[in-house]
Amino acid sequence: MTLARSFAALISHAIETGERMMTPPALQRAWAGSQSTFAVVLLPTALFTAVGIDSLKLQTAVLVSQLYCILILVVFGGRVGWVVGRDIWLPIIGATCAGALGFALAALKYAMQ
């Protein structure tokens, strides 16, 4: 998805401005903002690559990936709570709600399989 988004940004900028597409500044503009997406998908991608080369079991990769994603949601929820209100309760509530939502989605995935 990130690659498709970046490619679309590259093409649309070239169409709008008439500039060449494959220049370093154009490529840099197209990839701007993708770092957060890559930071989140790096560990799950590495885990599933390890599954592909038979270094890790699939169930372990799925479990660790889901726990990692839930942890990211907890951190994100806590950060949003801190930005909204700079006391102790809103970050705790935000982290709990986001983590609970992630856990519920993971449980729903297992229930549907």
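Placed above this text is the structure.
Read on for a plain summary of the structure. (Residues numbered from 1 in each chain as written. Predicted model: local features only at pLDDT ≥ 70, side-chain atom pairs only at ≥ 80, totals over all residues. Heavy atoms only, no water.)

## Concerning the packing of aromatic side chains
Working step 1: Applying the stated criterion across every chain, the model contains one aromatic pair.
Working step 2: For the pair Trp 31 and Phe 38, a centre-to-centre distance of 5.6 Å together with 35° between the ring planes defines the contact as tilted.
Working step 3: For Trp 31, a relative accessible area of 32% corresponds to the partly exposed category.
Working step 4: According to the relative accessible area criterion, Phe 38 is partly exposed, its value standing at 40%. (Phe/Tyr/Trp six-rings, centres within 6.5 Å; stacked < 30°, edge-to-face > 60°. Buried < 20%, exposed > 50% of the residue type's maximum accessible area, 1.4 Å probe, protein only.)

## A short note on the pattern of salt bridges
Working step 1: Tallied over the entire structure, the rule returns one salt bridge.
Working step 2: One salt bridge connects Arg 29 with Glu 19, and the closest N-O pair in it is separated by 3.1 Å. With a gap of 10 residues between them, Arg 29 in helix 2 (residues 24-31) and Glu 19 in the loop between helix 1 (2-17) and helix 2 connect regions that are remote in the sequence.
Working step 3: Arg 29 gets classed as partly exposed once you look at its relative accessible area, which sits at 40%.
Working step 4: For Glu 19, a relative accessible area of 41% corresponds to the partly exposed category. (Salt bridge = Lys/Arg side-chain N within 4 Å of Asp/Glu carboxyl O. Helix = DSSP H or I, 4+ residues; strand = E, 2+ residues; numbered from the N terminus.)

## Focus on the environment of Val 40
Working step 1: Positionally, Val 40 belongs in helix 3 (residues 35-52).
Working step 2: Val 40 gets classed as partly exposed once you look at its relative accessible area, which sits at 32%.
Working step 3: Setting aside residues no more than four positions away along its own chain, Val 40 makes contact with Tyr 68 and Ile 72. (Contact = heavy atoms within 4.5 Å.)

## A few points about the packing of helix 3 against helix 4 (residues 58-84)
Working step 1: Relative to each other, helix 3 and helix 4 sit at 175°, their axes nearing to 9 Å. Judged by the angle between their axes, helix 3 and helix 4 are roughly antiparallel. Along its contact with helix 3, which presents Ala 39, Val 40, Leu 43, Pro 44, Leu 47, Phe 48 and Val 51, the element helix 4 presents Leu 58, Ala 61, Val 62, Val 64, Ser 65, Tyr 68 and Ile 72. (Axes fitted to C-alpha atoms, helices over the stretch in contact; angles between N-to-C directions. Parallel < 35°, antiparallel > 145°, perpendicular 65-115°, else oblique.)

## Digging into the side chain of Ser 6
Working step 1: Here Ser 6 is to be found in helix 1.
Working step 2: Assessed through its relative accessible area of 3%, Ser 6 is described here as buried.
Working step 3: Those residues in contact with Ser 6 that sit more than four places away from it in its chain are Ala 30, Trp 31 and Ser 34.

## As for the environment of Tyr 68
Working step 1: With respect to the helices and strands, Tyr 68 occurs in helix 4.
Working step 2: Take Tyr 68: its relative accessible area is 21%, and that puts it in the partly exposed class.
Working step 3: Residues Tyr 68 and Val 41, 27 residues apart in the sequence, show an inter-C-alpha distance of 9.9 Å.
Working step 4: Residues in contact with Tyr 68, not counting those within four places in the same chain, are Ala 39, Val 40, Leu 43 and Pro 44.

## Here's the deal with the layout of surface pockets
Working step 1: Here the largest pocket is characterised by a volume of approximately 200 Å³.
Working step 2: Considering the residues around the largest pocket, the lining is formed by Val 40, Gln 66, Cys 69, Ile 70, Ile 72, Leu 73, Phe 76, Gly 102, Leu 105 and Ala 106.
Working step 3: When contributions to the lining of the largest pocket are tallied by element, the ones reaching two or more residues are helix 4 and helix 5 (89-112).
Working step 4: For the lining of the largest pocket, the element with the highest residue contribution is helix 4, accounting for six residues.
Working step 5: Considering only residue class, the lining of the largest pocket consists of eight nonpolar, two polar and no charged. (1 Å grid on protein atoms, 1.4 Å probe; cavity = no way out; pocket = protein on both sides within 12 Å on 5 of 7 lines; lining within 4 Å. Points joined across faces, edges and corners; volume = space filled by probe spheres on them. Nonpolar A, V, L, I, M, F, W, Y, C, P; charged D, E, K, R; others polar.)

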